[in-house]
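Geometric and topological summary
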Amino acid sequence: MNAPVADKPLYHVPTTAHVTASLHALSEAQRDELVRRIKRLLIERNAVLVAHYYVDESLQRLADETGGCVSDSLEMARFGKEHPAETLVVAGVRFMGETAKILSPEKRVLMPTLEAECSLDLGCPADEFAKFRAQYPDHTVVVYSNTSVDVKAQADYVVTSSIAVPLVEHLRDQGKKVLWAPDKHLGDYIRRTTGADMVLWDGSCVVHDEFRSWALEELLGRHPGAAVLVHPESPREVIHQADVVGSTSQLIAAVKDRPEQEFIVATDKGIFYKMQQAAPDKKLIEAPTGGHSATCTSCAHCPWMAMNDLVSLAETLEDTAEPAKNEIFVDESARQKALVATQRMLDFATEHRKATAGDA
């Protein structure tokens, strides 16, 4: 069942087209100079850049070139924890900076902008989630990484999409009932895959919720040999059309490993940078969204991810104020509680990898 959420707050979603239009237009020479400046600043500030798959290609490339990390939110945080740098610069959205701070409280965590939010995070405020959770005291609380530190602090487990299914299977086998938040599509996919007894928070991602099965069907008619890759934050009808359903890293692996030469990709188009690196000879096609041209909300690219650019990154690294304008802080009590739930997932993931490797 999907439990209703009363008085769900509204939040403003910027359009991707408006965000990108507001960013600085750079010449090639200006871009090259910014990259040189940022590389110098990273060294001077003993900082490392960790970037999400969905941010602009220039930031992903810069992270690769400077010994940083391009990955999903949890791997970004784990990389930052293990890296010797004193400062972590997180190119992504706010909850990713918070996740880095959860695992590395002793380090300074900076972001190119603190305006970069996430609809899943904004649509699941901690006080409303607490009321929802109180209705199901006998449920194990599992929350997606796309949540605030205050929501994570209320969870038994924090998960990413790559480990959510096996973890919920584990809980199901123990006879546990699961309360899931915040993405209803991912929760529905997990419930259908595992058969677990689950109640779901009613949230969605502004990018993945826009994919439409009828438009995908039309596109497949023009590319009949293409494989369809879908992130499970997408609607059920889109997932049903997929050849592969998986996390960001799993979809990148599919492009590399599958024999098809064309792939229709139903996730944020920022992932194309790493997909093209993995399989440079293959053609990648954006899955169609519910909007048209630049008028749609998402255009298969998160408007908040789009706020990260080279100019804002350079300005963040040049800010020597205490505290810095774009510095992440979290409440210590909430951080410690969130760390418990996050560490449970990390421990489970380690054991799961050992078990599946043993079965191979």
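Rules used throughout
- Residues numbered from 1 in each chain as written.
- Predicted model: local features only at pLDDT ≥ 70, side-chain atom pairs only at ≥ 80, totals over all residues.
- Heavy atoms only, no water.
- Buried < 20%, exposed > 50% of the residue type's maximum accessible area, 1.4 Å probe, protein only.
- Helix = DSSP H or I, 4+ residues; strand = E, 2+ residues; numbered from the N terminus.
- Arc of directions from axis to C-beta.
- Contact = heavy atoms within 4.5 Å.
- Core = buried A, V, L, I, M, F, W, Y, C linked by side-chain atoms within 4.5 Å.
- Axes fitted to C-alpha atoms, helices over the stretch in contact; angles between N-to-C directions.
- Parallel < 35°, antiparallel > 145°, perpendicular 65-115°, else oblique.
- Left-handed = near helix turned anticlockwise from the far one by under 90°.
- Nonpolar A, V, L, I, M, F, W, Y, C, P; charged D, E, K, R; others polar.
- Pairing = 2+ DSSP bridges.
- pLDDT = per-residue confidence, 0-100.
- Phe/Tyr/Trp six-rings, centres within 6.5 Å; stacked < 30°, edge-to-face > 60°.

A separate point is helix α13 (residues 248-257). Those residues of α13 that sit buried are T248, L251, I252, A254 and V255. Looking straight down α13, one finds that the buried residues subtend no more than 155° of arc, so they occupy a single side. For α13, the exposed residues set more than 90 degrees away from the buried face come down to K256 and D257. Looking at the buried positions of α13, the neighbouring elements they touch are β9 (227-230), β10 (244-245), β11 (262-266), α14 (272-278) and β12 (283-286).

Residues of helix α4 (residues 73-82) that are buried: S73, L74, M76, A77 and G80. Angular distribution of buried residues about the axis of α4 spans 160°; they occupy a single face of the element.

What follows concerns the nonpolar core. Note that soluble globular proteins tend to have their nonpolar side chains buried in a common cluster. Ranked by internal contacts, the top residues of the largest apolar core, which has 108 residues, are V159, W180, L229, I264 and M275. Counting residues in each nonpolar core, the second largest holds 14 residues, with F132, Y136, V141 and A341 among its members.

On to unusual backbone geometry, then. Geometrically, the link from A181 to P182 is a cis peptide bond, its omega value of -5° lying close to zero. Looking at the secondary structure, you find P182 in the loop between β7 (177-181) and α10 (184-194). Cis geometry is found at the peptide bond from E322 to P323, where omega equals -5°. If you trace the backbone, P323 turns up in the loop between α15 (310-318) and α16 (332-359). The backbone phi angle of N46 is positive, close to 50°, even though this residue is not glycine. Checked against the element boundaries, N46 lands in the loop between α2 (28-44) and β1 (47-52). We classify N46 as partly exposed; its relative accessible area is 32%.

What follows concerns the packing of α4 against helix α5 (residues 94-103). One way to put it is that α4 packs onto α5 with a least axis distance of 8 Å and a crossing angle of 40°. With respect to α5, the element α4 is oriented oblique. As for how α4 packs across α5, the hand of that crossing is right-handed. Residue-level contacts link S73, L74, M76, A77, R78 and K81 of α4 to F95, M96, T99, A100 and L103 of α5. In terms of residue class, the contact of α4 with α5 is made up of seven nonpolar, two polar and two charged.

Another aspect to go through is the sheet that holds strand β6 (residues 157-159). Ordered in space as β6-β5-β7-β8, the four strands form an open sheet in which the pairing is parallel. Because the sheet does not close on itself, it has two edges, and the strands there are β6 and β8 (198-200). Within the sheet, the average angular offset between the axes of one strand and its neighbour, ignoring direction, is 25°. Direction of pairing for strand β5 (residues 139-144) relative to β7: parallel, over a ladder of five bridges. In the sheet register, V143 faces β7, and the bridge partner there is A181. Docked against the sheet, helix α7 (residues 126-134) engages β5, β7 and β8, running at close to 165° with respect to β7. Lying over the sheet, helix α9 (residues 161-173) contacts β5, β6, β7 and β8, oriented at roughly 140° with respect to β6.

This brings us to the packing of α2 against helix α3 (residues 57-65). Viewed as axis vectors pointing N to C, α2 and α3 meet at an angle of 40°, and their least axial separation amounts to 11 Å. Here α3 runs oblique to α2, going by the angle between their axes. Seen along the crossing, α2 lies across α3 with a hand that is right-handed. Between α2 and α3, the contacting residues are R31, V35, I38 and K39 on the first element and S58, L62 and E65 on the second. Here the contact of α2 with α3 is composed, by residue class, of three nonpolar, one polar and three charged.

Our next topic: the confidence of the model for the protein chain. Summarising the model, the protein chain shows a mean pLDDT of 93, and 94% of its residues fall at 70 or more. This stretch, residues 4-8, has a pLDDT under 50; its non-local contacts, to residues over four places away or in other chains, come to six contacts. Counting contacts from residues 292-298, a segment whose pLDDT is below 50, to residues more than four positions away or on other chains yields 17 contacts.

This next bit is on the packing of aromatic side chains. Each aromatic ring pair is specified by the distance between its two centres and by the angle formed by the two planes. Tallied over the full model, the rule gives five aromatic pairs. When the centroid spacing of 5.6 Å and the interplanar angle of 70° are considered together, the rings of F132 and Y136 count as edge-to-face. On the basis of relative accessibility, which here comes to 13%, the residue Y136 falls in the buried class. Both rings, one in Y144 and one in W180, keep their centres 6.0 Å apart while their planes meet at 35°; by these two values the pair is tilted. One end of the pair, Y144, is in strand β5; the other, W180, is in strand β7, and 36 residues separate them in sequence. Each member of the pair, Y144 together with W180, is buried. An aromatic cluster is present here, built from F129, F132, Y136 and W201 joined pairwise through their rings.

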